[in-house]
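# Structural features, examined
The lines below spell out each chain.
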Amino acid sequence: KQEVTQIPAALSVPEGENLVLNCSFTDSAIYNLQWFRQDPGKGLTSLLLIQSSQREQTSGRLNASLDKSSGRSTLYIAASQPGDSATYLCAVRGSGGSQGNLIFGKGTKLSVKP
Amino acid sequence: GAGVSQSPSNKVTEKGKDVELRCDPISGHTALYWYRQRLGQGLEFLIYFQGNSAPDKSGLPSDRFSAERTGESVSTLTIQRTQQEDSAVYLCASSLGGGRIPGELFFGEGSRLTVL
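In what follows, the accompanying structure is described. (Residues numbered from 1 in each chain as written. Chains lettered and ligands numbered in written order. Predicted model: local features only at pLDDT ≥ 70, side-chain atom pairs only at ≥ 80, totals over all residues. Heavy atoms only, no water.)

### Regarding the overall build of chain A
The number of helices and strands found in chain A is 0 helices and 11 strands. Listing the helices and strands of chain A from first to last along the sequence gives β-β-β-β-β-β-β-β-β-β-β. Relative to the globule expectation of 13 Å for 114 residues, the C-alpha radius of gyration of chain A, 14 Å, shows essentially globular dimensions. Each principal axis of the C-alpha atoms in chain A carries an extent, and together these give about 45 × 30 × 20 Å. Counting the 114 residues in chain A, one finds 45% classified as buried. A fraction of 55% describes how many contacts in chain A between residues 6 or more apart in sequence connect residues 24 or more apart. When the accessible surface of chain A is totalled, it reaches about 5,300 Å², and 48% of it is carbon and sulfur. Here chain A carries 11 positive and 8 negative side-chain charges, and the mean point of each set is 6 Å from the other. (Helix = DSSP H or I, 4+ residues; strand = E, 2+ residues; numbered from the N terminus. Rg over C-alpha atoms; globule rule 2.2 N^0.38 Å. Buried < 20%, exposed > 50% of the residue type's maximum accessible area, 1.4 Å probe, protein only. Contact = heavy atoms within 4.5 Å. Areas by Shrake-Rupley, 256 points an atom, 1.4 Å probe, with all protein chains shown as cover. Lys, Arg positive; Asp, Glu negative; His and termini not counted. Charge placed at Lys NZ, Arg CZ, Asp CG, Glu CD.)

### Side note on the pattern of salt bridges
Residue and element names in this part refer to chain B. The final tally for this structure, using the stated rule, is 6 salt bridges over all chains. The shortest N-O distance in the salt bridge between R22 and D24 comes to 2.9 Å. The shortest N-O distance in the salt bridge between R38 and E44 comes to 3.9 Å. Classification of E44 by relative accessible area gives partly exposed; the value is 29%. A single network of salt bridges, built from pairs that share partners, joins R36, R38 and E44. (Salt bridge = Lys/Arg side-chain N within 4 Å of Asp/Glu carboxyl O.)

### Some thoughts on the nonpolar core
L33, W35, L75, I77 and Y88 of chain A are the most contacted members of the largest nonpolar core, which has 23 residues in total. Those elements giving two or more residues to this core turn out to be β3 (19-25), β4 (30-38), β5 (44-51), β7 (62-67), β8 (72-77), β9 (86-94) and β11 (108-113) of chain A. L33 of chain A has contacts with C23, F25, L48, L49, I50, L66, S73, C90, A91 and V92 of chain A, leaving out every residue within four places of it along the chain. With 19 residues, the next largest nonpolar core counts L60, I79, Y90 and V115 of chain B among its residues. (Core = buried A, V, L, I, M, F, W, Y, C linked by side-chain atoms within 4.5 Å.)

### Considerations on unusual backbone geometry
Residue I7 of chain A is joined to P8 of chain A through a cis peptide bond whose omega torsion reads 0 degrees. By the secondary structure assignment, P8 of chain A is in the loop between β1 (4-7) and β2 (10-14). The peptide bond linking S7 of chain B to P8 of chain B adopts the cis configuration, its omega dihedral lying at -10 degrees. Within the secondary structure, P8 of chain B is located in the loop between β1 (5-7) and β2 (10-13). Although it is not a glycine, R81 of chain B adopts a positive phi angle of roughly 50 degrees. By secondary structure assignment, the location of R81 of chain B is in the loop between β8 (75-79) and β9 (88-95). Residue classification places R81 of chain B among the partly exposed residues on the basis of a relative accessible area of 41%.

### Side note on the state of the cysteines
Enumeration according to the criterion identifies 2 disulfides over all chains in this entry. Disulfide pairing places C23 of chain A opposite C90 of chain A at an S-S distance of 2.0 Å. Where C23 of chain A bonds to C90 of chain A through sulfur, the torsion about that S-S bond is close to 75 degrees, and the disulfide is right-handed. Taken together, the residues C23 of chain A in strand β3 and C90 of chain A in strand β9 connect sequence positions 67 residues apart. Note on C23 of chain A: relative accessible area 2%, which makes it buried. With a sulfur-sulfur separation of 1.9 Å, C23 of chain B is cross-linked through a disulfide to C92 of chain B. Taking the sign of the S-S torsion, about -65 degrees here, the bridge from C23 of chain B to C92 of chain B comes out left-handed. (Disulfide = S-S within 2.5 Å.)

This is the structure:
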């Protein structure tokens, strides 16, 4: 059964710092992995989607990497800004099972202090 | 439409009443998901549609909860005889394909339900 873990659960950094959020999964048989951000009281916004054949994806100050064999993904945020404060979730789409094969982590709550 | 649309955005109801929440997925998206998110909590899977069939409804918390989908379009989540513990944000998402066909997931803004 696929399990997705995000560490740390919460993170507070000063503005301008580079940071890394971690996502690990137990079953490496995945099709893709997606990173989202969620602002308080809002829905989820898709940030990056990495297909299983890819090693990384970049969008602006965000870079997501995927190491399927070790069951890990990282989301790197460069030059963090207060507007980056949100909860970041990763979701893994697997090759079998229920829930449309989509399993979410519990998220990392990021706070960027001015 | 351009994105996933959910209505109502906010609903306040009295305990014991029935509510219907609506989701309009992105046009052409065959997969549709419903999640529940209680205050300060993570996403709780409810049900997944592929087209108008629901291969997985294992997350529906009780028989008071039901959902249907018309073709590959609108879905309605119905909660009968609402209870205070049903208070949450109900999130809908859609993607191209589902099951073994990978696709990027797009979420609506959610419907916030408050049961008094």
